[in-house]
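Summary of the model geometry
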Amino acid sequence: MDGLHRGEMLDQTSRSESRMPPVIIEPFRIKVVEPLALLSRGEREEHLRRAGFNLFGVPAEAVTFDLLTDSGLSAMSTEQWSAIMRADESYAGSRSFARFEQVVRELTGYRHVIPTHQGRAAERILFGLTVGPGAVVPSNSHFDTTRANIEHGHGVALDLVIDEAREPSVQHPFKGNVDIEKLEELIRARRDQIPLGMVTITNNTAGGQPVSLANLREVSRILRSHSIPFFLDACRFAENCWFIKQREPGQSGRSVREIAMEVFRLADGCTLSGKKDGLVNMGGFLAMNDETLAQRARNLLILTEGFPTYGGCAARDLEALAVGLGEALDERYLEYRATSTAYLARGLNEAGIQTVQPAGGHAVYIDARSLLPHIAPERFPGQSLACELYLHGGIRSCEIGSAMFAKIGPDGAFHGATNELVRLALPRRVYTQSHVDRVIELCGEVAAGASRLRGLRRTYAPQFLPHFTSRYEPEA
Ligand code: F0G
């Protein structure tokens, strides 16, 4: 599935009638526009210096292409904005909650639906109730907020993703899969320490890579046979199910919704950040079948988020999320979405830039180590590349390498990250093909001058989550 190009996924008859594959268009037109910032390099240099060479510190109005994350930036549809207007903001028992609950129940099959303001709030409640000292929670790869919430409860967040996922250039259709042997081995050795098992769909940490239906069925079978609850981190469920339909033998004849309904029913519950495939700017939920756990979760929800019929959301957020969950399963939208990401990856590859293979659902991950072999990990090659993409083209990306994960040992030794990646995440329904074309062009220009880039010296790092607030200076 490497190098999809426009039209690749359309059926063979329509492709053979014309020599060129038909262009897959953005399946929407634009009603509200927001101007893009077009600054000079000098202006960007000033912003970056003030931000300590950390792109999280750059004001959004100084960014042309904001590819920092796909989370919370979705453009909402006319149906979502209309739903917002009909929202019932009652403190208790609002009509909007009833509508939202029904949509989530139909999609997931879970009996208890608990709204939260975003994904990590659902994680905080779930792990607050299930994880204590000595607990081990296996997953394919935990996202950093799930890991942090498990570790906050003094538990261990264990990544059991297949080995292929650790090698950026290796091709595999389901690089998000759980290594089943490792999962069985863990259960044999430490069954009593496992309060629940998790799978992240798609696997963000490993490059936005999907998990196959066969793998999810197997994980479900194993966990159920040991009576271990199985939860999905489901924020990119629709993109994952689209890849199942495209890549997995026997699945092409099913609708993505049908696949999604099966996937949710293989698990006992989920956390879901609506800011991704929910197509909203804020909102999420925790859902499950276990009545006792749900009761305890609602009690905790009231402490920190709000009454169970709104959680951490306004009713209008729940309305928009209920509509968004349906729109994310529209297959014309998903085709456009997956094709855009693959198109970006292919453009970068043609410009000589290596990326994690195959392209993920929501983002393309540039391999900064291969582009900047002259910059040592302790000089942060990914961060250096991310800074240059901003200086040269106003592109804001996110380093996922040593700036994020490096550890300093007790002896002061620097332990760099496994991979030095720079993520270009595509917000949903926000940028057009010409934007993506320009991003490819700008990245190509940066790559052509890569040998001139210098590393960075870190001048400040906080104790936790260093990528948000660390500061740097360019090497002399
Ligand atoms: N799980 C996964 C797989 C995620 O990617 C995220 C957020 C969360 C949970 C937490 O959700 O932000 O609503 O609290 N990912 C964003 C990103 C921030 O940029 O990848 P949240």
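Conventions used here
- Residues numbered from 1 in each chain as written.
- Predicted model: local features only at pLDDT ≥ 70, side-chain atom pairs only at ≥ 80, totals over all residues.
- Heavy atoms only, no water.
- Phe/Tyr/Trp six-rings, centres within 6.5 Å; stacked < 30°, edge-to-face > 60°.
- Helix = DSSP H or I, 4+ residues; strand = E, 2+ residues; numbered from the N terminus.
- Buried < 20%, exposed > 50% of the residue type's maximum accessible area, 1.4 Å probe, protein only.
- Contact = heavy atoms within 4.5 Å.
- Polar contact = N/O pair within 3.5 Å; in protein donor to acceptor, adjacent residues only side chain to side chain.
- Core = buried A, V, L, I, M, F, W, Y, C linked by side-chain atoms within 4.5 Å.
- Domains from an automatic or database assignment.
- Pairing = 2+ DSSP bridges.
- Axes fitted to C-alpha atoms, helices over the stretch in contact; angles between N-to-C directions.
- Near = heavy atom within 4 Å.
- Areas by Shrake-Rupley, 256 points an atom, 1.4 Å probe, with all protein chains shown as cover.
- Nonpolar A, V, L, I, M, F, W, Y, C, P; charged D, E, K, R; others polar.
- Expected span 1.5 Å × (residues − 1).
- Arc of directions from axis to C-beta.
- Salt bridge = Lys/Arg side-chain N within 4 Å of Asp/Glu carboxyl O.
- Buried area = accessible area lost by both parts, 1.4 Å probe.

The subject of this paragraph is the packing of aromatic side chains. Taken as a whole, this structure holds twelve aromatic pairs when the rule is applied. Their ring planes at 40° and their centres at 5.8 Å tell us that Tyr-91 and Phe-307 sit as a pair that is tilted. You can see Tyr-91 sitting in the loop between helix H3 (78-85) and helix H4 (95-108) and its partner Phe-307 sitting in the loop between helix H11 (291-304) and helix H12 (315-327), a full 216 residues away along the chain. Of the residues examined, Tyr-91 reaches a relative accessible area of 56% and is grouped as exposed.

Take the environment of His-112 next. Following the sequence through the fold, His-112 ends up in strand S2 (residues 112-116). Each residue touching His-112, except ones within four places of it in the same chain, is listed here: Leu-286, Ala-287, Met-288, Asn-289, Asp-290, Glu-291, Ala-294 and Arg-298. Of the polar contacts made by the side chain of His-112, one reaches the side chain of Arg-298; its length is 3.2 Å.

Leu-232 and Phe-237 are the most contacted members of the largest nonpolar core, which totals 61 residues. For this core, the two domains that each supply at least three residues are domain 1 (41-63 + 330-474) and domain 2 (78-327). Beyond its immediate stretch of four places on either side in the chain, Leu-232 contacts Tyr-110, Met-198, Val-199, Ile-201, Leu-216, Val-263, Phe-264, Ala-267, Gly-269, Cys-270 and Thr-271.

All right, on to the sheet that holds strand S5 (residues 197-200) then. Taking strand neighbours across the sheet as the criterion, the five strands line up as S2-S8-S7-S6-S5 in an open arrangement whose pairing is mixed. Among the strands making up the open sheet, the edge pair consists of S2 and S5. Neighbour-to-neighbour, the strand axes of the sheet open up by a mean angle of 15°, direction not taken into account. In this sheet, strand S7 (residues 269-273) lies alongside strand S6 (residues 230-233) in parallel orientation, the contact comprising three bridges. Among the inter-strand pairings, Leu-232 is bridged to a residue of S7, identified as Cys-270. In this fold helix H5 (residues 119-130) packs onto S2, S5, S6, S7 and strand S8 (284-288), with an angle of close to 150° to the strand it touches most, S7.

The next point concerns the site of the ligand. Thr-69, Arg-120, Asp-233, Ser-273 and Lys-276 are the nearest of the 17 residues found near the ligand. Here an oxygen atom of the ligand and a backbone polar atom of Gly-119 are 2.9 Å apart. The side chain of Asn-204 places a nitrogen or oxygen atom 2.8 Å from an oxygen atom of the ligand. Protein chains shield 93% of the accessible area of the ligand, which is 480 Å² for the free molecule. Of the residues in the shell around the ligand, the class split is two nonpolar, eight polar and seven charged.

Among the five residues in strand S14 (residues 421-425), five count as buried, and that is most of the element. Judged by which residues are buried, S14 turns out to be covered on both faces: Leu-421, Arg-423 and Ala-425 on one side and Val-422 and Leu-424 on the other are all buried. Where strand S9 (residues 363-367) lies against S14, five bridges are found, and the strand directions are antiparallel. From the neighbouring strand, Ala-363 faces S14, where its bridge partner is Ala-425.

Right, let's get into H11. Given a rise of 1.5 Å per residue, 14 residues ought to cover 20 Å, and the 20 Å separating the end C-alpha atoms of H11 matches this to within 8%. Within H11, the full set of buried residues consists of Leu-293, Ala-294, Ala-297, Arg-298 and Leu-301. Mapping the buried residues of H11 onto a view down its axis gives an arc of 140°, with all of them on the same face. Turned more than 90 degrees from where H11 packs its buried face, Thr-292 and Leu-303 sit exposed. Contact partners of the buried residues in H11: S2, H5, S6 and S8.

All right, on to the pattern of salt bridges then. Applying the stated criterion to the full structure yields 29 salt bridges. For Arg-396, the salt bridge is made with Asp-66, and the minimal N-O distance between the two is 2.9 Å. Taken together, the residues span a long stretch of sequence, with Arg-396 in strand S10 (residues 395-396) and Asp-66 in strand S1 (residues 65-66) at a distance of 330 residues. Note that Arg-428 is salt-bridged to Asp-70, the shortest N-O span being 3.0 Å.

What follows covers the domain arrangement of the protein. Split into domains, the protein comes out as domain 1 (41-63 + 330-474) and domain 2 (78-327). The interface of domain 1 with domain 2 comprises 23 residues on the first partner and 30 residues on the second. Regarding the contact of domain 1 and domain 2, the summed buried area is about 2200 Å², with carbon and sulfur atoms giving 52% of it. Considering only the surface of domain 1 that becomes buried against domain 2, Glu-331, Leu-334 and Arg-428 emerge as the three largest contributors, covering 25% of it. If you look at where domain 1 meets domain 2, you find five salt bridges. The salt bridge partner of Arg-428 is Glu-239, with a shortest N-O separation of 3.0 Å. Along the contact surface separating domain 1 from domain 2 lie 18 residue pairs in polar contact (both at pLDDT 80 or more). Elements supplying a minimum of two residues to the side of domain 1 that touches domain 2: helix H13 (331-350) and S9.

Attention now goes to the sheet that holds S14. Paired through their backbone hydrogen bonds, the strands of a sheet run either parallel or antiparallel. The three strands are arranged S9-S14-S11 in an open sheet whose pairing can be described as antiparallel. In this open sheet, the two edge strands, each paired with only one partner strand, are S9 and strand S11 (398-400). For this sheet, the mean angle separating the axes of adjacent strands, direction not counted, is 30°. With three bridges joining them, S11 and S14 adopt antiparallel strand pairing. Bridge assignment links Glu-399 to a residue of S14, and that residue is Val-422.

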